[in-house]
Amino acid sequence: MSRPLQERRRRSFDAIAGQYLAHRPPYPAAAFELLAARVPPPARVLEVGPGPGLATLPLAQRGYRIVAVELGAQLAAEASRNLAAYPGVRVVNADFEDWQPPRPHAFDLLLAASSWHWIDPAAGYERAWRALRAGGWLALMANHPRPGRLGTRSRSFWDATDALYRRFAPALVRRRGWNPSRLPNQAVPIRRSGRFGPVERHVIAWRRTFSADDYIGLIDTYSDHRTLPDGARRRLFAAIHRLADDEFGGQVARYYRTVVNLAPALKSP
């Protein structure tokens with residue numbers, strides 16, 4: 001992906017701050033239980049790229065003290081509104097790659113929920129380590145949609161949309177050899193950074209059903225869909241909506257795997 005397109009996609013979420021919160025599925029409670037088992041509240045949390053606060057709110061409800069650094073001005077404003085009832089949360093409108101914490105090694109937990117892939121790894125792991133106390137935890141978390149088992153309605157819908165993507169948005173067609181059952185593995189770059197201890201990788205399986213309208217609202221929050229030409233996006237979305245209504249009773253089942261990578265920060269060398 002070219003750097004200009006990467007940056008355009010990275011910034012595409014800001015225009016849909018309210019829509020993002022309304023349509024993106026939440027993270028499972030089990031993911032936050034993993035965090036709490038290692039870093040119980042009221043620990044100090046630095047969240048990278050909170051968006052409108054999808055993962056921030058469950059943390060705030062558990063009593064964590066949070067600084068959430070959000071690139072998009074509208075997303076930061078939306079997060080501030082959504083978290084106004086929690087005085088222990090501070091939302092900062094800044095680029096994490098430029099932002100400076102109040103002092104080094106000040107946080108017990110750094111969380112990035114579906115945002116770390118937008119951070120330059122050459123600098124990101126070093127900045128994360130400098131923000132964490134020795135023994136503090138790095139937590140990289142993301143929801144990954146899966147096609148489901150062969151023969152299931154979820155898999156049938158997943159496969160049926162391929163022809164629509166090929167027709168209306170060929171740039172988004174899955175690359176040859178892509179395995180939809182393979183989940184990304186962030187353990188290798190975490191280890192290679194040399195700043196963190198052994199990586200724990202947890203996978204949480206769950207399922208969610210969307211109405212046709214809600215499913216279109218969901219995919220309209222994906223950066224690769226947001227940056228399609230307007231006409232192609234409208235035609236693609238209309239075709240997917242018709243498919244869901246005509247062949248799947250207006251209901252779209254989606255299987256998810258939430259991957260949580262956890263690693264403790266090492267002491268200074």
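Treat the numbers as computed from the prediction; the structure is a model and nothing was measured.

> Help me out: how do you make sense of the sheet that holds strand E4 (residues 107-113) in this one?
Backbone-to-backbone hydrogen bonds join strands into a sheet, with any given pair of strands oriented parallel or antiparallel. Taken in spatial order, the seven strands line up as E3-E2-E1-E4-E5-E7-E6 in an open sheet, and their pairing is mixed. The open sheet has two edge strands with one neighbour each: strand E3 (89-93) and strand E6 (200-211). Geometrically, the sheet is characterised by an average inter-axis angle of 20° between neighbouring strands, direction not taken into account. The pairing of E6 with strand E7 (residues 251-264) spans twelve bridges and is classified as antiparallel. Looking at E7, one finds that Trp206 is bridged to Tyr256. The strands touched by helix H5 (residues 73-82) within the sheet are strand E2 (65-70) and E3, with E3 carrying the most contacts at an inclination of about 170°.

> I keep staring at the packing of helix H9 (residues 212-219) against helix H11 (residues 230-248) and nothing clicks. Help me out?
Relative orientation and spacing of two packed helices are given, respectively, by the angle between their axes and the distance between those axes. Where H9 contacts H11, the axes come no closer than 9 Å and their chain directions differ by 150°. Read as a crossing pair, H9 and H11 show a hand that is right-handed. For the pair H9 and H11, contact is made by Ala212, Asp213, Tyr215, Ile216 and Ile219 and by Phe237, Ile240, His241, Ala244 and Asp245, respectively. Among the residues forming the contact of H9 with H11, the class breakdown is seven nonpolar, one polar and two charged.

> Could you clarify how one ought to interpret the environment of Ala30 in this entry?
With respect to the helices and strands, the residue Ala30 is situated in helix H3 (residues 29-38). Separated by 174 residues in sequence, Ala30 and Ile204 place their C-alpha atoms 7.5 Å apart.

> When you look at H3 in this model, what are you seeing that I'm missing?
Each turn of an α-helix holds 3.6 residues, which means side chains three or four residues apart point in the same direction. Three or more residues of H3 are buried, namely Ala31, Phe32, Leu34 and Leu35. The arc that holds the buried residues of H3, viewed along the axis, is 150°, so those residues lie on one side. Away from its buried face by more than 90 degrees, H3 exposes Glu33 and Ala37. On its buried side, H3 packs onto helix H4 (56-61), E4, strand E5 (132-146), E6 and E7.

> What is the right way to look at the environment of Pro41 in this model?
Tracing the backbone shows Pro41 in the loop between H3 and strand E1 (44-48). For Pro41, a relative accessible area of 33% puts it in the partly exposed group. Distance in space between the C-alpha atoms of Pro41 and Gln61 is 10.0 Å, their sequence separation being 20 residues. Those residues in contact with Pro41, other than ones at most four positions away along the chain, are Arg62, Gly63 and Tyr64.

> Which parts of the structure should I look at to understand the nonpolar core?
One broad rule of soluble globular proteins: the nonpolar side chains tend to lie buried together. Met141, Leu236 and Ile240 are the most contacted members of the largest nonpolar core, which totals 49 residues. Of the residues forming this core, the biggest block, seven residues, is contributed by H11. Leave out the neighbours within four places in its chain, and Met141 touches Tyr27, Ala31, Phe32, Ala55, Leu111, Ala112, Ala113, Ser114, Thr258, Val259 and Val260. Among the nonpolar cores identified, the runner-up in size contains 24 residues, and Phe96, Ala106, Ala112 and Ala265 belong to it.

> Even after reading the chapter, I still don't get the pattern of salt bridges, so can you show me in this structure?
Pairing is possible between side chains that carry opposite charge, provided their charged atoms lie close to one another. Summed over all chains, the structure comprises ten salt bridges. For Arg44, the salt bridge is made with Asp108, and the minimal N-O distance between the two is 3.2 Å. You can see Arg44 sitting in strand E1 and its partner Asp108 sitting in strand E4, a full 64 residues away along the chain. With a relative accessible area of 26%, Arg44 lands in the partly exposed category. On the basis of relative accessibility, which here comes to 9%, the residue Asp108 falls in the buried class. Residue Asp220 pairs with Arg233 through a salt bridge whose shortest N-O separation is 3.6 Å. Of this pair, Asp220 sits in the loop between H9 and helix H10 (223-226) while Arg233 sits in helix H11; the two residues are 13 residues apart in sequence, bridging distant segments of the chain. When salt bridges with common partners are traced through the structure, they connect Asp220, Arg226, Asp230 and Arg233 into a single cluster.

> Can you help me understand the environment of Gly18 in this one?
Mapped onto the elements, Gly18 comes out in helix H2 (residues 17-23). Note: C-alpha distance between Gly18 and Ala79 (61 residues apart in sequence) is 9.4 Å.

> Looking at this structure, I do not really get unusual backbone geometry. What am I missing?
Of note, the bond from Pro41 into Pro42 is cis; its omega dihedral lies within 30 degrees of zero at 10°. As for its position among the elements, Pro42 is in the loop between H3 and E1. The phi dihedral of His105 is positive, around 55°, even though this residue is not glycine. On the secondary structure map, His105 appears in the loop between E3 and E4. Taking the relative accessible area as the measure of exposure, His105 reaches 30% and is therefore partly exposed.

Each value, and the rule that gives it
- Residues numbered from 1 in each chain as written.
- Predicted model: local features only at pLDDT ≥ 70, side-chain atom pairs only at ≥ 80, totals over all residues.
- Heavy atoms only, no water.
- Pairing = 2+ DSSP bridges.
- Helix = DSSP H or I, 4+ residues; strand = E, 2+ residues; numbered from the N terminus.
- Axes fitted to C-alpha atoms, helices over the stretch in contact; angles between N-to-C directions.
- Contact = heavy atoms within 4.5 Å.
- Left-handed = near helix turned anticlockwise from the far one by under 90°.
- Nonpolar A, V, L, I, M, F, W, Y, C, P; charged D, E, K, R; others polar.
- Buried < 20%, exposed > 50% of the residue type's maximum accessible area, 1.4 Å probe, protein only.
- Arc of directions from axis to C-beta.
- Core = buried A, V, L, I, M, F, W, Y, C linked by side-chain atoms within 4.5 Å.
- Salt bridge = Lys/Arg side-chain N within 4 Å of Asp/Glu carboxyl O.

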